[in-house]
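What follows is the residue order along each chain.
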Amino acid sequence: MRLRERLKCKAKSLLRSLHACSSSNNITNRFGKMDSGKFVDARKPQPLLKTVVNVWHKFLTLLVRWLLRTIYGEHGARMPPIRNLILMESATSLAQKIRTKKLTSVEVMQAYIERCKEVNPVLNCIVDQCYETALKEAAKADQLIASGTLSEQQLATEKPFLGVPISTKDCISVKDLLHTAGIWKRRNIRGEKDARAMELMRKAGAIPFALTNVSECCMWWESVNTVHGRSRNPYDTNRIVGGSSGGEGTIQASAAAPFGIGSDIGGSIRMPAFFNGIFGHKPSPHVVSNDGQYPIPVSSQHNMFLSIGPMCRYATDLKPMMKIITEPDVVGKLRLDDPVDLKQVKFFYQLNDGGGNLVSPVDIDIRDGIEKAMAHFRTTVKADVRKVYFDKLRKSAPMWFANMKSKEEAGFDSQLVNLEGRINPYMELLKWCLWQSNHTFVGIMTAIFESQGVQYGSDKYNGLVKMRDDLLEEFQAMLGDNGVFIYPTHPTVAPYHNEPLIRALNFSYTGIINVLGLPSTSVPLGLGREGLPIGLQVVGNRNQDRLCLAVACELERAFGGWVAPEVLA
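Each chain has its residues counted from 1, running along the sequence as written. With the structure being a predicted model, the display of local features is reserved for residues of pLDDT at least 70 and the display and counting of side-chain atom pairs for 80 or more, all residues being used for whole-chain, interface and lining totals. Here the side-chain values reflect all heavy atoms present in the structure, with hydrogen atoms and water set aside.

Just checking my understanding: could you explain the overall build of the chain for this structure?
A count of helices and strands for the chain gives 21 helices and 13 strands. Seen along its three principal axes, the alpha-carbon backbone of the chain occupies a region of about 85 × 60 × 45 Å. Burial status follows relative accessibility: with a 1.4 Å probe on protein chains alone, a residue under 20% of its type maximum counts as buried, one over 50% as exposed, and anything between as partly exposed. Looking at the chain as a whole, 57% of its 569 residues are labelled buried. Contact criterion: two residues are considered in contact whenever any of their non-hydrogen atoms come within 4.5 Å of each other. For the chain, restricting intrachain contacts to residue pairs at least 6 apart in sequence, the fraction spanning at least 24 positions comes to 76%. Per element, the accessible surface of the chain, about 24,000 Å² overall, is 56% carbon and sulfur. The averaged location of the 56 negative side-chain charges in the chain is 7 Å from the averaged location of its 70 positive side-chain charges. Strands are runs of DSSP state E lasting at least 2 residues, helices are runs of H or I lasting at least 4, and numbering of each runs from the N terminus. Each accessible area is a Shrake-Rupley estimate made with a 1.4 Å probe; only the visible protein chains count as cover when residues are assessed. Think of it this way: Lys and Arg go in the positive column, Asp and Glu in the negative one, and His and the chain ends go nowhere. The atoms used to mark charge sites are NZ of Lys, CZ of Arg, CG of Asp and CD of Glu.

Below is the structure:
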């Protein structure tokens, strides 16, 4: 009898909570009392058919994982060890040592060129380079320092990265280097001038020297295309590097570049950063120019979702890079130099998306990593840490796809041929089966599904856009000007090559942050039980990038950050 009474009491309490959640659109009422320490959205049950589909999908992913592990074996090719300690320095440290004459820019450039030549046959991450030109630019940097024309302080202020090599992905224009975006039709196109972000980095003294691989048209999360082939993960070459900034992630993880620039419209900075165990930041909208990026955003909405941002092995390089690439007329509103007291930051975290359709469960290593990070901020930093739940995150993928729809004419079938007409995706699929197509299977299928999904302006489209707007309102009310949201960057560690084909919607963990227009930093937390990087993403309110960067620096200090794939003892 006592058990029955307790169950009745719990049922009544639950009904009262659900009634409170639905009684008002006010954020405080919908998520319960603020002083309870949690925001809790109502959990909605899945329809039976979707539950059955998800169960079969989980079975299929397990079967494919077993097949791929059998085909590839346990480990891939052995990585060349890191022998030169210059390669272990942060970009900020290299710049300081160059301008104080403890190292020369030529020494540093030669070290990275040698490393690129050593790792690229194994990883296939570099698609173009300008080593000879870069060495000449390095010699000029050394001459400027030796001349004494500028003092050390002036160099630190005016050219903070003087003489430091920088790489970027093959969709961000670098003068005279390839600018293909992994598209066959653009295979011979070269950059006529630097993209705006690279122009600003060059003015700060950085020297472009290598261009890295991407997915076809930068719209898939494995970096493979018919122009340059497939890139491989330095921790296990049988695994993917992510996309579309995948080559950029792996060149840095293998210590073949000190820092670089990526771009992100659905996770293209953060997923490669996660899979390769480095740091990557997707900035707030409209603070870093997208000029010089291909594919070109076809609408103002796409331009808001797309962000160019920094990728690096050390969190300490993130803020200096952001200060450089942020447009001068908006850098003030980011307040990047304002100190951040982590004790005053409110931490909200969610361990998964609540069970999105056809989305993989979050690996236990990743969940444990997030819990450990939250325990650190709760006990060591003494910060306010709250576990939350947003049921709308289950619809992350549908929201991303809907919000990516545009009334403009240029679709993916047109982007694949450099906006010079359109492909017939069904004919290309037939040609692909006969090994005659210049496009990847994923590129072709993306063009097919683009026309089959939710239609721009339809009731379903409007409903998903409204859901996004409602979710953004809830996030902004929760985060305020001193809150961050901790969330998985991706539900699993780096999959095997081609495995994303059956885990296609796993990108939704990053994609939803793009359509919400929030800044986010991917932070490594070491290696998991498979010897592959794990990590999390730190999400802030708009223009609160400095909170994301400060939390990244603290997590690096507490958990070690980037781990070298292999170092010679």
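Got a minute to help me understand the pairing of strand β2 (residues 165-169) in this structure?
Side-chain direction in a regular strand flips from residue to residue, so the side chains alternate between the two faces of the sheet. Within β2, five of the five residues are buried, which leaves it mostly tucked inside the rest of the structure. Burial along β2 is two-sided: the face carrying Pro165, Ser167 and Lys169 and the face carrying Ile166 and Thr168 are both buried. In this description, strands pair whenever DSSP reports at least two bridges between them. Sheet topology places β2 next to strand β3 (residues 207-212); five bridges connect them, and they run parallel. By the bridge assignment, Ser167 is partnered in β3 with Ala210. Traced from β2 through helix α8 (residues 196-203) to β3, the parallel crossover comes out right-handed. Relative to strand β6 (residues 259-264), β2 is paired through two bridges, and the arrangement is parallel. Bridging across to β6, Thr168 finds its partner in Ile261. When the strands point away from the viewer, a crossover counts as right-handed if the route from the first strand across the helix to the second turns clockwise.

Where do I start with helix α6 (residues 131-147) in this structure?
Working note: α-helix, 3.6 residues per turn, so residues spaced by three or four point in the same direction. To estimate how far a helix should extend, the number of its residues minus one is multiplied by 1.5 Å. Taking 1.5 Å as the rise per residue, α6 with 17 residues should run 24 Å; its terminal C-alpha atoms sit 24 Å apart, in good agreement. Where α6 is concerned, the buried positions are Tyr131, Ala134, Ala138, Ala141, Asp142 and Ile145. Buried residues along α6 cover an arc of 100 degrees about the axis, so they all sit on one side. Residues Glu132, Lys136, Lys140 and Gln143 are exposed on α6 and point more than 90 degrees away from its buried face. Backbone geometry just after α6 places Gly148 at a positive phi near 75 degrees. Here the arc refers to the directions that run from the helix axis out to each C-beta atom.

I keep staring at unusual backbone geometry and nothing clicks. Help me out?
In terms of backbone geometry, most residues other than glycine have negative phi values and most peptide bonds are trans. Of note, the bond from Gly243 into Ser244 is cis; its omega dihedral lies within 30 degrees of zero at 5 degrees. Tracing the sequence through the fold places Ser244 in the loop between β5 (229-230) and α9 (246-253). Pro295 follows Tyr294 through a cis peptide bond whose omega is 10 degrees. When you line up the elements, Pro295 lands in the loop between β7 (279-282) and α11 (300-305). Within the chain, Asn124 stands out as a residue other than glycine whose phi angle is a positive 50 degrees. For Asn124, the location among the structural elements is in the loop between α5 (105-123) and β1 (126-129). The phi dihedral of Asn498 is positive, around 75 degrees, even though this residue is not glycine.

How should the confidence of the model for the chain be read in this particular structure?
Per-residue pLDDT for the chain has a mean of 92; in total, 92% of the residues score no lower than 70. For every residue, the predictor assigns a confidence score, pLDDT, that lies between 0 and 100. By mean pLDDT, the top-scoring element of the chain is strand β11 (residues 483-487) (99), and the lowest-scoring one is helix α2 (residues 27-30) (37). Below a pLDDT of 50 lies the segment residues 1-37, which in the model reaches 28 contacts outside its immediate sequence neighbourhood of four places, other chains included.

What am I meant to see in the packing of aromatic side chains here?
Each aromatic ring pair is summarised here by two numbers: the centre-to-centre distance and the angle between the ring planes. A pair of aromatic rings is counted whenever rings of Phe, Tyr or Trp (Trp by its six-membered ring) have centres within 6.5 Å, and the orientation is called stacked for planes under 30 degrees apart, edge-to-face for over 60 and tilted otherwise. Taken as a whole and judged by the stated rule, the model has 19 aromatic pairs. Ring centres of Phe390 and Phe475 lie 4.6 Å apart, and the angle between their planes is 15 degrees; on these two criteria the pair is classed as stacked. Note that Phe390 is positioned in the loop between β10 (384-387) and α15 (396-403) and Phe475 in helix α19 (residues 459-479), a separation of 85 residues in sequence. Residue classification places Phe390 among the buried positions, given a relative accessible area of 1%. For Phe475, a relative accessible area of 0% gives the class buried. With a centroid separation of 4.9 Å and an interplanar angle of 85 degrees, the aromatic rings of Phe475 and Phe485 are classed as edge-to-face. Here Phe485 lies in strand β11 and Phe475 lies in helix α19, a separation of ten residues in the sequence. By the burial criterion, Phe475 is buried, and Phe485 matches it. Of the aromatic side chains, those joined through ring pairs into one cluster are Phe390, Phe475, Phe485, Tyr487 and Tyr509. Its end group placed over the ring of Tyr496, Arg239 keeps NZ or CZ at 4.1 Å from the ring centre. In our convention, an over-ring charge means Lys NZ or Arg CZ found within 6 Å of a ring centre and within 35 degrees of that ring's normal. The lysine or arginine in question, Arg313, covers the ring of Trp562, its NZ or CZ lying 4.9 Å from the ring centre.

Explanation requested: the nonpolar core in the structure shown.
Inside soluble globular proteins, nonpolar side chains tend to come together where they are buried. Within the largest apolar cluster, 159 residues are counted, with the highest numbers of intra-cluster contacts made by Phe161, Met201, Phe209, Phe259, Phe347, Phe377 and Phe485. When residues of this core are assigned to their parent elements, the largest contribution, nine residues, is made by α5. Take the buried Ala, Val, Leu, Ile, Met, Phe, Trp, Tyr and Cys residues and link them wherever side-chain atoms come within 4.5 Å; each set so joined is a nonpolar core.

Mind showing me how you'd approach the pairing of strand β8 (residues 307-312) here?
In terms of burial, β8 is largely enclosed, as six of its six residues are buried. Where β6 lies against β8, six bridges are found, and the strand directions are antiparallel. From the neighbouring strand, Asp264 faces β8, where its bridge partner is Ser307. Where β7 and β8 come together, two bridges link them in antiparallel fashion. Across the sheet, residue Phe279 finds its bridge partner in β8, namely Cys312.

Sorry if this is basic, but what is going on with a nonpolar patch on the surface here?
Patch rule: a residue counts if its relative accessible area is over 30% and it has no salt bridge; like charges are joined within 9 Å, and nonpolar side chains (Val, Leu, Ile, Met, Phe, Trp, Tyr) within 5 Å. Whenever a carboxyl oxygen of Asp or Glu lies within 4 Å of a side-chain nitrogen of Lys or Arg, that contact is scored as a salt bridge. A cluster of nonpolar side chains, namely Leu48, Val52, Trp56, Phe59, Leu60, Leu63, Trp66, Leu67 and Ile71, defines an oily patch on the protein surface of about 1,000 Å² accessible area. The partly exposed category is assigned to Val52, whose relative accessible area is 38%.

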